[in-house]
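Listed here are the chains, written in short residue letters.
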Amino acid sequence: VGNDCPDLEDVPYLKKVFEGVQELLTDELISSGHDISDGGLLVCALEMAFAGNRGIILDLQSRGKSLFQTIFAEELGLIVEVSRNNLDKVMGKLNGREVTAEIIGQVTTSPLVELIVDGQTQLREETSLLRDMWEDTSFQLEKLQRLASCVESEKEGLKHRHEPLWKLSFSPSFTDDR
């Protein structure tokens, strides 16, 4: 933030974090994840919410930092999404590796983004409205290259995006990849 450049002061700690996340991935305990180093914590969380077309509730503590620093500092870090069923396992594995982790919020099926910092609501808005604001410049540039009606159709379609509905005619099983 400002004139302070993010830096890495503890390479062995980064290695512990990396190995811990790799273990969580191997154990299939992480649903999704994203780094916070490009835009900060709020940008990371918004990108995740936009990708999943979901809402989020973030409940953060500023720990003496400004609101701007709390939500936009581009320090090294990551957000991982973990199901409630796996939360204790994930926290235990990270704590066992002496990796700092904290619960900062939850994903919701409600299409609303809520940001609370130090107990005060700073943002409460529809996910689709925030995504429209986020994508506006891209869509304006697209309109210079394509039919405006096609661009509007794409923009509107984002609001109704959902995961594919797979109907398999077989039961999948792991294969030996050796």
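Note that the coordinates shown come from a computational prediction; the quantities given were computed from them, not determined experimentally. (Residues numbered from 1 in each chain as written. Predicted model: local features only at pLDDT ≥ 70, side-chain atom pairs only at ≥ 80, totals over all residues. Heavy atoms only, no water.)

**Some words on a nonpolar patch on the surface**
The grouping of Leu 8, Val 11, Leu 14 and Leu 76 at the surface amounts to a nonpolar patch, some 360 Å² of accessible area in total. Exposure remark for Leu 8: the relative accessible area of 41% places this residue in the partly exposed category. (Patch = residues over 30% accessible without salt bridge, like charges linked within 9 Å, V, L, I, M, F, W, Y side chains within 5 Å. Areas by Shrake-Rupley, 256 points an atom, 1.4 Å probe, with all protein chains shown as cover. Salt bridge = Lys/Arg side-chain N within 4 Å of Asp/Glu carboxyl O. Buried < 20%, exposed > 50% of the residue type's maximum accessible area, 1.4 Å probe, protein only.)

**Considering the packing of aromatic side chains**
For any pair of aromatic rings, the description rests on two quantities: the centre-to-centre distance and the angle between the ring planes. Scanning the entire structure with this criterion turns up two aromatic pairs. Where Phe 68 meets Phe 72, the ring centres are 5.3 Å apart and the plane angle is 55°; that geometry is what we call tilted. Of this pair, Phe 68 and Phe 72 are both found in helix α3 (residues 67-72), four residues apart, which corresponds to roughly one turn of the helix. Take Phe 72: its relative accessible area is 29%, and that puts it in the partly exposed class. (Phe/Tyr/Trp six-rings, centres within 6.5 Å; stacked < 30°, edge-to-face > 60°. Helix = DSSP H or I, 4+ residues; strand = E, 2+ residues; numbered from the N terminus.)

**Observations regarding the pairing of strand β5 (residues 112-117)**
The buried fraction of β5 is high, at six of six residues. Neither face of β5 is exposed, since Leu 112, Glu 114 and Ile 116 on one face and Val 113, Leu 115 and Val 117 on the opposite face are all buried. Across six bridges, β5 lies against strand β6 (residues 120-126) in antiparallel orientation. Following the sheet pairing, Leu 112 is matched in β6 by Glu 126. (Pairing = 2+ DSSP bridges.)

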